Amino acid sequence: MPCINHHNPTHLHPTCPRQVFQEAEKNAPSIIFIDEVDSIAPKRDKTQGEVERRIVSQLLTLMDGLKSRAHVIVIAATNRPNSIDAALRRFGRFDREIDIGVPDETGRLEVMR
């Protein structure tokens, strides 16, 4: 089954995280990058759908299993860190955070060049 629903690409198939982690492990050393992690792993108490809760739970389980797979690194990005499930921010999962603030006027000009 494909990871992404091609009729609605913003929705993941529930088996997608497992498939991605299995592929990364098979091709280790690997880096898994999850952009906008808040969209697939919102706070479980704020989600309304069972599929979203299952994806968050599956992601937590998969990340816990990474301790024995030291050659797979998971990196995620979000502009809403307080919207992701708190369990993802615990030690052993996403336990290191780098805050990249909004650039100042000079920095914005550099980006435009």
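In what follows, the structure referred to is the one given above.
Here is a short report on the structure shown in this document. (Residues numbered from 1 in each chain as written. Predicted model: local features only at pLDDT ≥ 70, side-chain atom pairs only at ≥ 80, totals over all residues. Heavy atoms only, no water.)

On inspection of all chains with the given rule, the structure shows five salt bridges. Residue Glu-23 pairs with Lys-26 through a salt bridge whose shortest N-O separation is 3.5 Å. One end of the pair is Glu-23 and the other is Lys-26, both in helix 1 (residues 16-26) and three residues apart, which spans about a single turn. Given a relative accessible area of 41%, Glu-23 falls into the partly exposed group. (Salt bridge = Lys/Arg side-chain N within 4 Å of Asp/Glu carboxyl O. Helix = DSSP H or I, 4+ residues; strand = E, 2+ residues; numbered from the N terminus. Buried < 20%, exposed > 50% of the residue type's maximum accessible area, 1.4 Å probe, protein only.)

The side-chain alternation of strand 1 (residues 30-35) yields one buried face, formed by Ser-30, Ile-32 and Ile-34, and one unburied face, formed by Ile-31, Phe-33 and Asp-35. Alignment of strand 1 against strand 2 (residues 72-77), held across six bridges, turns out to be parallel. Pairing of Ile-31 across the sheet is with Ile-73, part of strand 2. (Pairing = 2+ DSSP bridges.)

Below, the discussion takes up a nonpolar patch on the surface. A surface patch of nonpolar side chains, amounting to about 410 Å² of accessible area, comprises Ile-31, Phe-33, Ile-73 and Ile-75. Mapped onto the nonpolar patch, the elements with two or more residues apiece are strand 1 and strand 2. If you trace the backbone, Ile-75 turns up in strand 2. (Patch = residues over 30% accessible without salt bridge, like charges linked within 9 Å, V, L, I, M, F, W, Y side chains within 5 Å. Areas by Shrake-Rupley, 256 points an atom, 1.4 Å probe, with all protein chains shown as cover.)

If you look at the biggest cluster of nonpolar residues, it comprises 19 residues, and the most contacted ones within it are Phe-21, Leu-59, Val-74 and Leu-88. When residues of this core are assigned to their parent elements, the largest contribution, five residues, is made by helix 3 (residues 50-64). Setting aside its immediate chain neighbours within four residues, Leu-88 contacts Ala-41, Leu-59, Leu-60, Met-63, Arg-93 and Phe-94. (Core = buried A, V, L, I, M, F, W, Y, C linked by side-chain atoms within 4.5 Å. Contact = heavy atoms within 4.5 Å.)

Turning our eyes to something else, we now look at the side chain of Asp-38. With respect to the helices and strands, the residue Asp-38 is situated in helix 2 (residues 37-40). A polar side-chain atom of Asp-38 sits 3.3 Å from a polar atom in the side chain of Arg-80. Setting aside residues no more than four positions away along its own chain, Asp-38 makes contact with Thr-78, Asn-79, Arg-80, Ser-83 and Ile-84. (Polar contact = N/O pair within 3.5 Å; in protein donor to acceptor, adjacent residues only side chain to side chain.)

This brings us to the packing of helix 1 against helix 3. Helix-helix packing is characterised by the crossing angle of the two axes and by the distance between the axes. Put simply, helix 1 and helix 3 touch, their axes get as near as 9 Å, and they point 20° apart. As the angle between them shows, helix 1 and helix 3 are arranged roughly parallel. Judged by the twist between their axes, the crossing of helix 1 over helix 3 is right-handed. Taking contact as the criterion, the partners of Pro-17, Arg-18 and Phe-21 in helix 1 are, on helix 3, Ile-55, Gln-58, Leu-59, Leu-62 and Met-63. (Axes fitted to C-alpha atoms, helices over the stretch in contact; angles between N-to-C directions. Parallel < 35°, antiparallel > 145°, perpendicular 65-115°, else oblique. Left-handed = near helix turned anticlockwise from the far one by under 90°.)

By relative accessible area, which is 39% here, Ile-75 ends up partly exposed. In sequence terms Ile-75 and Asp-35 are 40 residues apart; their C-alpha atoms lie 8.5 Å from each other. Those residues in contact with Ile-75, other than ones at most four positions away along the chain, are Ile-31, Ile-32, Phe-33, Ile-34 and Phe-94.

In this structure, the amide linkage connecting Ala-28 to the following residue, Pro-29, adopts the cis form with an omega of 5°. Relative to the helices and strands, Pro-29 is located in the loop between helix 1 and strand 1.

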